[in-house]
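Each chain is listed here by its residues.
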Amino acid sequence: MIASLRGEVVELALDHVVLEAAGVGYQLNATPATLAGLTRGEQARLYTALIVREDSMTLFGFADTEARDLFGLLQTVSGVGPRLAMAVLAVLEPESLRKALAAGDIAALTRVPGIGKRGAERMVVELRDKVNLVPVPAGAPGAPVAAVRTPVRDQVVEALTGLGFPLKQAEPTVDAVLTEQPGADNSTALRAALGRLA
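Quick notes on the rules
- Residues numbered from 1 in each chain as written.
- Predicted model: local features only at pLDDT ≥ 70, side-chain atom pairs only at ≥ 80, totals over all residues.
- Heavy atoms only, no water.
- Helix = DSSP H or I, 4+ residues; strand = E, 2+ residues; numbered from the N terminus.
- Phe/Tyr/Trp six-rings, centres within 6.5 Å; stacked < 30°, edge-to-face > 60°.
- Buried < 20%, exposed > 50% of the residue type's maximum accessible area, 1.4 Å probe, protein only.
- Salt bridge = Lys/Arg side-chain N within 4 Å of Asp/Glu carboxyl O.
- Pairing = 2+ DSSP bridges.
- Axes fitted to C-alpha atoms, helices over the stretch in contact; angles between N-to-C directions.
- Contact = heavy atoms within 4.5 Å.
- Core = buried A, V, L, I, M, F, W, Y, C linked by side-chain atoms within 4.5 Å.

A. Seen up close, unusual backbone geometry. One non-glycine residue, A22, adopts positive backbone phi at about 55 degrees. Within the secondary structure layout, A22 lies in the loop between β2 (16-21) and β3 (24-29).

Here it is in structure tokens:
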């Protein structure tokens, strides 16, 4: 599996780039946002996904691992192939896509050519709980803040899991609350976390 490529940008087109690495030119399909960050003649590193079909092998390039992981996740939805997954990422940046799926924003998803209301609803149903499992690069918008374990954090997380919220949802929510309100006590933090999860 080719996970990433680093090399000179030898060709830039509307939908792909050719990177020359170790004397070999690799064509990678990419979104306009990814291509906009590249310059012909300069070195670049792209994270890649290789899609193998009976009649073709296609490389897709991404500026970061988050976009690549979302590309793979989108294809787990029935009816979504590599081209449609790239179209989604071309219209919606990773952070916008996460928010649209988490909030069930059908209008945002149907802005993607080829996705109708029914397809958007299916994406929301199938990916809403999975989208937060894709790691966000450190420092990126929406990146989790390093968790500081405190008695308040542990007790509020425990309370939320006791109420039936999954741990993977409870921990980042409590971390976000305590980042905004570092001096919050148990009840204040719990109320704020429940407000976010509602």
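B. Just the packing of aromatic side chains, in detail. Enumeration over the complete set of coordinates arrives at two aromatic pairs. For the pair F60 and F71, a centre-to-centre distance of 5.0 Å together with 40 degrees between the ring planes defines the contact as tilted. In this pair, F60 is assigned in strand β5 (residues 56-62) and F71 in helix α2 (residues 65-74), connecting sequence segments 11 residues apart. Exposure class is identical for F60 and F71. Each is buried. Judged by centre distance (5.0 Å) and plane angle (45 degrees), the rings of F62 and F71 are tilted. Each of the two residues, F62 as well as F71, counts as buried. Cluster of aromatic residues (ring-pair linked, three or more members): F60, F62 and F71.

C. Quick peek at the pattern of salt bridges. All told, the structure shown has eight salt bridges when counted by the stated rule. Here R98 and E66 are joined by a salt bridge, their closest N and O atoms 2.6 Å apart. Remark: E66 occurs in helix α2 and R98 occurs in helix α4 (residues 94-103); sequence separation between them is 32 residues. Overlapping salt bridges bring together R153, D154, E171 and D175 as one network.

D. Structural context of the pairing of β5. For β3 and β5, the ladder comprises two bridges, and the chain directions are parallel. Counterpart to L28 in the pairing with β5 is L59. Relative to β5, strand β4 (residues 43-53) runs antiparallel, the two being bridged by seven bridges. Following the sheet pairing, A49 is matched in β5 by F60. A loop of two residues connects β4 with β5, the two strands running antiparallel in sequence.

E. Just the environment of A63, in detail. Position of A63 relative to the elements: it lies in the loop between β5 and α2. Considered as a pair, A63 and T48 are 15 residues apart in the sequence and their alpha carbons are 8.9 Å apart.

F. Inspection of the sheet that holds β2 at higher detail. If you trace the five strands once around the closed barrel, you get β1-β2-β3-β5-β4, paired in mixed fashion. Going across the sheet, the axis of each strand differs from the next one's by a mean of 55 degrees, ignoring polarity. In the packing of α2 onto the sheet, contacts are made with β4 and β5, and the angle to β4 comes to roughly 10 degrees. Docked against the sheet, helix α3 (residues 82-91) engages β3, β4 and β5, running at close to 15 degrees with respect to β5.

G. Local environment of the side chain of T34. Relative to the elements of secondary structure, T34 occurs in helix α1 (residues 32-36). The class of T34 is buried, set by a relative accessible area of 10%. Beyond its immediate chain neighbours, meaning those up to four positions away, T34 contacts L46, G61, F62 and A63.

H. Structural context of the nonpolar core. Judged by nonpolar contacts, the single largest core of 29 residues is most densely connected at F62, F71, L74, L97, L101, L109 and M123. At the level of elements, β4, β5, α2, α3, α4, α5 (106-109) and α6 (117-127) are the ones that each hand at least two residues to this core. If we ignore the near neighbours within four places in the chain, the residues touching M123 are L74, V77, V88, L101, L109, I115 and R128.

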